[in-house]
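Residue strings, one per chain:
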Amino acid sequence: MVIDPVARRTDGESVRIAKDVLCAGAAAKICLPDGPEEYARALARRGHRRPVVIGDDRALLRAVALLHKERDLAGVALAVVPVGAPGAVALSRALGVPTDTVAAARTVLDGTEQSLHLLTDDSDGIVLGGLDIPSGTEEDRRPRRRKRSGVVRLPGPREGPDEAAQDMSHESGEAVTPGAGPVPPEEGPGADARPDASAAWWRAPLRMARAALALLTARTRPAAGGPTATPGHRLRVEADGVVLADLDRPVRWVSVTPGDGADGSGLAEVVVHWQAAEPPVRARARSVTVSGADFRYRADVVVGGPVRTRTWTVQPDAWRLTLPHG
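Residues numbered from 1 in each chain as written. Predicted model: local features only at pLDDT ≥ 70, side-chain atom pairs only at ≥ 80, totals over all residues. Heavy atoms only, no water.

K.L.:
Looking at this structure, I do not really get the pattern of salt bridges. What am I missing?
P.N.:
For side chains bearing opposite charge, pairing can occur when the charged atoms are close. Within the structure shown, the criterion is met by 14 salt bridges. Between R236 and E238 there is a salt bridge; the shortest N-O distance is 3.3 Å. On the accessibility criterion, R236 (26% relative accessible area) is partly exposed. Judged by its relative accessible area of 22%, E238 falls in the partly exposed class. For R282, the salt bridge identified is with E269, shortest N-O distance 3.3 Å. With R282 in strand β11 (residues 281-285) and E269 in strand β10 (residues 268-274), this residue pair connects regions lying 13 residues apart in the sequence. (Salt bridge = Lys/Arg side-chain N within 4 Å of Asp/Glu carboxyl O. Buried < 20%, exposed > 50% of the residue type's maximum accessible area, 1.4 Å probe, protein only. Helix = DSSP H or I, 4+ residues; strand = E, 2+ residues; numbered from the N terminus.)

Have a look at this one:
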């Protein structure tokens, strides 16, 4: 049982509950690593024990990456008890692991092992749940779904206050400074009613300039539901050698999911979303190559790049995860 240090710091109560349930149902060796090196050492010394990860999605990905590096991933059945905020355990939920601590711990004891696909890239990186190109940090949020028994897939990146302010500026056409407060009283409505308003001769011209700018912005703003002003991303997307998108036609984004281990096809699902309001292009392939100007990509919860070309290949039934029955 490897307990991630982040889980111990952020939700010690859930960690305690998971330990109590697991130790009551089976003999367990508890490891409390304080950093990546100790985490790797604890996993390497597992012997014939089944590794159980208590932590968030990053802890799960770290365990899978270490086993993949040892070339022992297919021979080990992993189990995970998700501990963390809902967004931090979205991948585990999408894979079918219960996010309730007690239910997840009981799944470790009574669940069944299921073989799952994953993606590997040409830099030996791995993708368990799905891939977005570009990473999502370049544009607004969009819904993402994974076809696994109707479970919602790992959501796109969460926006902070600064990013939200920037998005508001894109939509309105007005410059918004992240973290800026409200308009100062001397510039707000009713400023001319103040005793010193006559001294500030520039206030009236300033308001006129702002009104003119707002009028021009309103005339050039795209209509609701119409095409956006974003230029898109010029990417070449190939699925098993077949070109789905080329550099002469910008795309909004590309998503790749490794598929469900139960489908038996061993193929990834590739979806190219266009800028215009038209149906996306879908394909199933064993390998996907994306190339173009420097781009970033989001693999599960990790943002990679920038790169100019990258190839992802499906590894069918490459790893095993303990999931609830049925």
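Further notes follow.
K.L.:
I'm lost on unusual backbone geometry in this one. Help?
P.N.:
Glycine aside, a negative phi is what most residues show, and trans is what most peptide bonds show. The linkage connecting I133 with the following residue, P134, adopts the cis geometry, with an omega of -5°. With an omega dihedral of 5°, the bond running from G305 to P306 counts as a cis peptide bond. Mapped onto the elements, P306 comes out in strand β13 (residues 302-323). A positive phi angle, near 60°, is found at R71, a position not held by glycine. Mapped onto the elements, R71 comes out in the loop between α4 (57-69) and β3 (77-82). The backbone of D300 shows a phi angle near 60°, a positive value even though the residue is not glycine.

K.L.:
What should I look at first to understand helix α3 (residues 36-44) in this one?
P.N.:
Along an α-helix, residues three or four apart share an orientation, since each turn contains 3.6 residues. Within α3, burial applies to Y39, A42 and L43. Each buried residue of α3 lies within a common arc of 95° when the element is viewed along its axis, so the set occupies one face. Contacts made by the buried residues of α3 are with β1 (2-3), β2 (52-55) and α4. (Arc of directions from axis to C-beta. Contact = heavy atoms within 4.5 Å.)

K.L.:
Is there a simple way to think about helix α2 (residues 12-25) in this case?
P.N.:
Over its 14 residues, α2 runs 20 Å from end to end, which matches the ideal 20 Å to within 8%, given 1.5 Å per residue. All of the buried residues along α2 are S14, V15, A18 and L22. An end-on view of α2 places all buried positions within 100° of arc, on one side of the element. Taken together, the buried residues of α2 touch β1, α1 (5-10), β2, β3 and α6 (101-110). (Expected span 1.5 Å × (residues − 1).)

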